[in-house]
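One letter stands for each residue in the lines below.
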Amino acid sequence: MPRRTLAPALVLLMAGLCACDSPASPAVPPPPAAPSTSFGGTDRAWIEINIAMNEELTPLLELVGEQSRDNAVKGIASQVNDVNVRDLTELRALHDAAGLPAENPHKGMPMPGMVTPEVVTRAAAAEGAAFDQIFREQVRAHLDQGVKLAKSETTAGVEPRTKALAERMISDRESLLPKLPPAVK
């Protein structure tokens, strides 16, 4: 093709491509990303278990402002909530990247460290020192179990982002545990 006819053809091609991004053109969503095959079984289970555990912790954390009279409990609850929100954001992104199903098979499953709806109901009925005791016991169990699960992920997991999150979760939880005094019996 002679140079004189090539330039106008390129201009028309570029104009056509640019028109695809104009607001007047219909938006065509990109195809969904294919799930990553770099996630192993341990990675997938760890992601789902931690999402379930962190989601079940949230209602207990939401009660602290109303039920506790102890500023130390309120302070640790705020720190735990910040970590919980950040972890859930990352876990949900990993969940999507792994192509896991929307229905979490671990949601509501009683397991060590899981804050059950029954515990939340009991905590909601308690105030002051009685609430604080429930809170301390439950959050300590949640953090302890979280460390155990994360250590398992770091040794048996294969997906690098998941293992990195597990490492950070170990560090975060181990730094929070000393700030959470054992419940007074």
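One can find the structure itself at the top, above this paragraph.
Everything quoted here is computed from the prediction, not taken from an experiment.

Student: I tried to follow the overall build of the protein on my own but got confused; where do I start?
Tutor: Helix and strand counts for the protein come out as six helices and zero strands. Put simply, the protein runs from its N terminus to its C terminus through helices and strands in the order α-α-α-α-α-α. For the protein, the proportion of its 185 residues judged to be buried stands at 40%. Summed over all atoms, the accessible surface of the protein reaches about 10,500 Å², with 63% contributed by carbon and sulfur.

Student: How should I be thinking about the environment of Val-120 in this particular structure?
Tutor: Mapping Val-120 onto the fold places it in helix 4 (residues 117–125). You can call Val-120 buried: its relative accessible area is 15%. For the pair Val-120 and Pro-59, spaced 61 residues apart in sequence, the C-alpha to C-alpha distance is 6.8 Å.

Student: Help me out: how do you make sense of the pattern of salt bridges in this one?
Tutor: Working definition: two side chains of opposite charge can pair if their charged atoms are close together. Evaluation of the coordinates by the stated rule reveals twelve salt bridges. The shortest N-O distance in the salt bridge between Lys-107 and Glu-56 comes to 3.3 Å. Placement of the pair is Lys-107 in the loop between helix 3 (71–97) and helix 4 and Glu-56 in helix 2 (residues 41–67), with a sequence separation of 51 residues. On the basis of relative accessible area, Lys-107 is assigned to the partly exposed category, the value being 47%. In the salt-bridge network here, residues are joined through shared partners; they are Arg-86, Asp-87, Glu-90, Arg-168, Asp-172 and Arg-173.

Student: I keep staring at helix 2 and nothing clicks. Help me out?
Tutor: In an α-helix, one turn spans 3.6 residues, which is why side chains three or four residues apart end up on the same side. The end-to-end C-alpha distance of helix 2, which contains 27 residues, comes to 40 Å, matching closely the 39 Å that a straight helix rising 1.5 Å per residue would cover. Along its length, helix 2 reaches its greatest deviation from straightness, about 25 degrees, at Thr-58, and the proline Pro-59 lies no more than four positions downstream.

Student: I'm lost on the nonpolar core in this one. Help?
Tutor: Nonpolar side chains in soluble globular proteins tend to end up buried together. Ranked by size, the top nonpolar core spans 23 residues in total, and within it Leu-57, Leu-60, Val-80, Phe-131, Phe-135 and Val-139 carry the most contacts. Excluding anything up to four places from it in sequence, Leu-60 contacts Val-115, Val-120, Ala-123, Phe-131, Phe-135, Gln-138 and Val-139. With 20 residues, the next largest nonpolar core counts Phe-39, Trp-46, Leu-100 and Ala-166 among its residues.

Student: Help me out: how do you make sense of the packing of aromatic side chains in this one?
Tutor: Each aromatic ring pair is summarised here by two numbers: the centre-to-centre distance and the angle between the ring planes. Taken as a whole, this structure holds one aromatic pair when the rule is applied. When the centroid spacing of 6.2 Å and the interplanar angle of 25 degrees are considered together, the rings of Phe-131 and Phe-135 count as stacked. Taken together, the residues Phe-131 and Phe-135, both in helix 5 (residues 128–156) and four residues apart, mark about one turn of the helix. Residue class for Phe-135 comes out buried when judged on its relative accessible area of 0%.

About the cut-offs
Residues numbered from 1 in each chain as written. Predicted model: local features only at pLDDT ≥ 70, side-chain atom pairs only at ≥ 80, totals over all residues. Heavy atoms only, no water. Helix = DSSP H or I, 4+ residues; strand = E, 2+ residues; numbered from the N terminus. Buried < 20%, exposed > 50% of the residue type's maximum accessible area, 1.4 Å probe, protein only. Areas by Shrake-Rupley, 256 points an atom, 1.4 Å probe, with all protein chains shown as cover. Salt bridge = Lys/Arg side-chain N within 4 Å of Asp/Glu carboxyl O. Expected span 1.5 Å × (residues − 1). Bend = angle between axes of the 7 residues up to and from the residue. Core = buried A, V, L, I, M, F, W, Y, C linked by side-chain atoms within 4.5 Å. Contact = heavy atoms within 4.5 Å. Phe/Tyr/Trp six-rings, centres within 6.5 Å; stacked < 30°, edge-to-face > 60°.

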